[in-house]
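These are the residues of each chain, in order.
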Amino acid sequence: ASAGMEWTSRLSPPPAGSSIWINLYIDNRIPDAMQIPARVLTLGEGRHGTIVGARFEQLGEVAQELLEKMIFRHHRRQIAKSRGDDGRQ
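Please read all numbers here as calculations on a predicted model, not as lab measurements.

1. Quick word on the pairing of strand 4 (residues 49-56)
Thinking step 1. Of all eight residues that make up strand 4, six are buried, and the element is covered over most of its length.
Thinking step 2. Alignment of strand 1 (residues 4-9) against strand 4, held across six bridges, turns out to be antiparallel. Counted as the bridge partner of Glu6 is Gly53 from strand 4.
Thinking step 3. Across eight bridges, the pairing between strand 3 (residues 34-46) and strand 4 is antiparallel. Counterpart to Ala38 in the pairing with strand 4 is Phe56.
Thinking step 4. Connecting strand 3 to the next strand, strand 4, in antiparallel fashion are two residues.

2. Description of the sheet that holds strand 4
Thinking step 1. With antiparallel pairing, four strands are arranged side by side in an open sheet as 1-4-3-2. Where the open sheet ends on each side, the last strands, each with one partner, are strand 1 and strand 2 (19-24). On average, each strand axis in the sheet is inclined to that of its neighbour by 45°, with strand direction left out of account.

What counts as what
Residues numbered from 1 in each chain as written. Predicted model: local features only at pLDDT ≥ 70, side-chain atom pairs only at ≥ 80, totals over all residues. Heavy atoms only, no water. Buried < 20%, exposed > 50% of the residue type's maximum accessible area, 1.4 Å probe, protein only. Helix = DSSP H or I, 4+ residues; strand = E, 2+ residues; numbered from the N terminus. Pairing = 2+ DSSP bridges. Axes fitted to C-alpha atoms, helices over the stretch in contact; angles between N-to-C directions.

Pasting the structure below:
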């Protein structure tokens, strides 16, 4: 789940195989982005632009754990939103 990411680019995407930096904003309360080195693996045509797939590289253990927690929390919020509740017990 936290090995990479995919997004839709309306601009010219980076070429497959290229090394890039991905800036992730983990929390609205933290103004700085988490910068993660990645490699572009796939490019595909999407409905609203090019779908870019990248794999994270050199992700340390602490960063990996933080990213996994962020993904889990986001997923839980999406589930709660789809059920019409706020996710609190």
